Amino acid sequence: MPKIVAQIRQVLVENFDNQAIFDLIDFGADYLDGTTYPFGYTIHAFGRPIFDGHLHGRVLRVGILDPTAWVRLGLFFVKGADALALSLRNPFDILALLDTLQASLRHLATSYAERGLTIEAHALGQKVFSCGAGVRSNLMTDRFGPTAIHLEAIFRMLSSALQAAKEAASR
């Protein structure tokens, strides 16, 4: 399985440049901006839902339903795919990845703000991230556009997820 994950990631890295990512963000924002139908989704992993999202008016509310599964999935992709061998062969690859992440987040926030849309991500009943229309940056920089990351809530979510994973492992 780790070899398959590595191959999938390699294909994505080789075929999706910044412009392709920006086009996908704009396509999604245009759809949400113009839809007159209810919109929602659920992502399942480990036999249960771990993420969901629903459009409420002009706000896309994304829920992290199972932080423990989210951490497990993240660890699987890091450990299971041998993170150091995944196109990160030198410091410039890492810098390019960080630049892509920053540019993508900035484009997401700006694209949604231009359309009057907002994204809010929640976990354990708390907002952990928001971007788009009406969001004031709390990052002391405008490099990410109108984006707020609620670190205290993220640390609580991660702490809870890691504690639950630790308890599950000790059983």
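Residues numbered from 1 in each chain as written. Predicted model: local features only at pLDDT ≥ 70, side-chain atom pairs only at ≥ 80, totals over all residues. Heavy atoms only, no water.

J.: With reference to specific residues and values, describe the overall build of the protein.
T.: Along the backbone of the protein there are five helices and six strands. Each helix and strand of the protein, placed in order from N terminus to C terminus, yields the pattern α-α-β-β-β-α-α-β-β-β-α. Across the 171 residues that make up the protein, the buried fraction comes to 32%. At a minimum sequence separation of 6, the contacts of the protein that also span at least 24 residues come to 48%. A total accessible area of about 10,800 Å² is found for the protein, and carbon and sulfur atoms account for 63% of it. (Helix = DSSP H or I, 4+ residues; strand = E, 2+ residues; numbered from the N terminus. Buried < 20%, exposed > 50% of the residue type's maximum accessible area, 1.4 Å probe, protein only. Contact = heavy atoms within 4.5 Å. Areas by Shrake-Rupley, 256 points an atom, 1.4 Å probe, with all protein chains shown as cover.)

J.: Hey, could you go over unusual backbone geometry for me, with residue numbers and the actual values?
T.: Phi at Leu124 takes a positive value of approximately 50°, unusual for a residue other than glycine. Within the secondary structure, Leu124 is located in the loop between strand S4 (118-123) and strand S5 (126-132). On the accessibility criterion, Leu124 (48% relative accessible area) is partly exposed.

J.: If you had to explain the nonpolar core to someone new, which residues and values would you point to?
T.: By size, the foremost hydrophobic cluster in this structure holds 25 residues, and its most contacted members are Leu108, Tyr112, Ile119 and Val128. Contributions of two or more residues to this core are made by helix H2 (18-34), strand S2 (48-56), strand S3 (59-64), helix H4 (91-114), S4, S5 and helix H5 (151-170). Looking at which element gives the most residues to this core, the answer is H4, with four residues. Contacts of Leu108, omitting those with residues within four sequence positions, involve Ile25, Ile119 and Cys131. (Core = buried A, V, L, I, M, F, W, Y, C linked by side-chain atoms within 4.5 Å.)

J.: Explain the sheet that holds strand S1 (residues 40-45) residue by residue, including any values.
T.: Read across the open sheet, the six strands follow the order S1-S2-S3-S4-S5-S6; overall the sheet is mixed. Unpaired on one side and paired on the other, S1 and strand S6 (147-149) mark the two borders of the sheet. Averaged over all neighbouring strand pairs, the angle between strand axes comes to 15°, with direction disregarded. Bridge count for S3 against S4 is six bridges, and the pairing is parallel. Bridge pairing links Val59 to Thr118 in S4. Each of S3, S4, S5 and S6 is contacted by H5, which is oriented at about 130° to S5, the strand it contacts most. (Pairing = 2+ DSSP bridges. Axes fitted to C-alpha atoms, helices over the stretch in contact; angles between N-to-C directions.)

J.: Tell me about the side chain of Ser111, and name the residues and values.
T.: The topology assignment puts Ser111 in helix H4. Exposure remark for Ser111: the relative accessible area of 2% places this residue in the buried category. A polar side-chain atom of Ser111 sits 2.9 Å from a polar atom in the side chain of Asp26. Setting aside anything within four residues of it in sequence, one finds Ser111 in contact with Ile25, Asp26 and Ala29. (Polar contact = N/O pair within 3.5 Å; in protein donor to acceptor, adjacent residues only side chain to side chain.)

J.: Break down the pattern of salt bridges for me, citing the residues and quoting the values.
T.: The tally for this structure, following the rule as stated, stands at seven salt bridges. Residues Arg115 and Asp26 are paired through a salt bridge, measuring 3.9 Å at the closest nitrogen-oxygen approach. Of the two residues, Arg115 is situated in the loop between H4 and S4 and Asp26 in helix H2; the sequence distance between them amounts to 89 residues. With relative accessibility at 18%, the residue Arg115 sits in the buried group. (Salt bridge = Lys/Arg side-chain N within 4 Å of Asp/Glu carboxyl O.)

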